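Architecture and fold: a report
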Amino acid sequence: MTSLPENRAQLISDQDRDTAVRRLQEAYAEGHISHEEMDERLNHALAARTRGDLAPALDSLPEEKAPATSTIAAAGGRIKRRGAWRVPRILKVESAFGGVRLDLSRAIIEHPVIDIELQMGTGGARITVPRDAIVDIEGLHTGWKDVRYRARRPSGPGGPTIRISGAMGYGRLKIRHAWR
């Protein structure tokens, strides 16, 4: 949302509104706007219905920082992340031969949307997501086996959206929600 499209009458989504709120909070934390100005702009952003309505709340803010990207790669062997690890906005996982285990259930997730890009040759992947996460696997292409995932009924707002994309050759992706 760094630049607004030409069509300023286009309706905004909840994600656009959340992004605007996050940008305003970051601008306040970095000292670019005062507390009173942040309150005023937050009220304006939360009441906005179109991109044109949202533009004044974001005017004069510094450009949004590029999303944090991290790559984990291994030619062979296992890639494993679990416990309290910080999940970047964009996580690229590359494995030619071997398994991948990503446990996001206790991870530190600072972004409302996490993009995980899998590039795998042979070997399976297992991803455990937080209980309230929303998982989108539309961008994932599988070669040999299908994805095993049963979506949970949303228990309420607030969970991160995990978008999984990329390509898997001869392995299977298993996704499950954490129990807690």
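About the cut-offs
- Residues numbered from 1 in each chain as written.
- Predicted model: local features only at pLDDT ≥ 70, side-chain atom pairs only at ≥ 80, totals over all residues.
- Heavy atoms only, no water.
- Helix = DSSP H or I, 4+ residues; strand = E, 2+ residues; numbered from the N terminus.
- Buried < 20%, exposed > 50% of the residue type's maximum accessible area, 1.4 Å probe, protein only.
- Core = buried A, V, L, I, M, F, W, Y, C linked by side-chain atoms within 4.5 Å.
- Contact = heavy atoms within 4.5 Å.
- pLDDT = per-residue confidence, 0-100.
- Polar contact = N/O pair within 3.5 Å; in protein donor to acceptor, adjacent residues only side chain to side chain.
- Expected span 1.5 Å × (residues − 1).
- Arc of directions from axis to C-beta.

**Quick notes on unusual backbone geometry**
Trans is the common state for peptide bonds, and a negative phi is the common state for residues other than glycine. Phi is positive for Ser60, which is not a glycine, with a value near 70 degrees. Along the chain, the position of Ser60 falls in the loop between α3 (51-58) and β1 (69-76). Look at Ser60 and you get exposed, because its relative accessible area is 67%.

**So, the nonpolar core**
Counting residues in each nonpolar core, the largest one holds 26 residues, and the members touching the most others are Ile116, Leu118, Ile164 and Leu173. Taken together, the elements giving at least two residues each to this core come down to β1, β4 (90-97), β5 (100-103), β7 (113-122), β8 (125-129), β9 (134-142), β10 (161-168) and β11 (173-177). The dominant element in this core, judged by the number of residues it contributes, is β7, at 4 residues. Setting aside anything within four residues of it in sequence, one finds Ile116 in contact with Leu91, Leu102, Leu104, Ile162, Arg163, Ile164 and Ser165. Of all hydrophobic cores here, the second largest spans 14 residues; its members include Ile12, Leu24, Ile33 and Leu58.

**Considerations on the confidence of the model for the protein chain**
With 90% of its residues at a pLDDT of 70 or more, the protein chain shows a mean pLDDT of 85. Contacts for the low-pLDDT stretch residues 1-6, under 50 throughout, to residues beyond four places or in other chains number 15 contacts.

**Comments concerning the side chain of Asp16**
Tracing the sequence through the fold places Asp16 in helix α1 (residues 14-29). Polar side-chain contacts of Asp16 include one of 3.3 Å to the side chain of Arg51.

**A closer look at α1**
Compared with the 22 Å implied by 1.5 Å per residue over 16 residues, the 22 Å span of α1 between its first and last C-alpha is a close match. Along α1, the positions that sit buried rather than exposed are Asp16, Arg17, Thr19, Ala20, Val21, Arg23, Leu24 and Ala27. Here the buried face of α1 lies against α2 (35-47) and α3. With its phi angle positive at about 85 degrees, Gly31 sits one or two positions after the end of α1.

**Notes on α2**
The terminal C-alpha atoms of α2, which comprises 13 residues, lie 18 Å apart, in line with the 18 Å expected from a rise of 1.5 Å per residue. Buried residues of α2: Met38, Arg41, Leu42 and Ala45, and no others. For α2, the arc enclosing every buried residue in end-on projection is 110 degrees, short of the 170-degree limit, so these residues lie on one face. Relative to its buried face, α2 has exposed residues pointing more than 90 degrees away, namely Glu36, Glu40, Asn43 and Ala47.

**Structural notes on the environment of Val129**
With respect to the secondary-structure elements, Val129 resides in strand β8. A residue is classified by how much of its surface remains accessible, and Val129, at 0% relative accessible area, is buried. Residues Val129 and His177, 48 residues apart in the sequence, show an inter-C-alpha distance of 5.0 Å. Not counting the four nearest positions on each side in its chain, Val129 is found in contact with Leu104, Val135, Ile162, Ile175, Arg176, His177 and Ala178.

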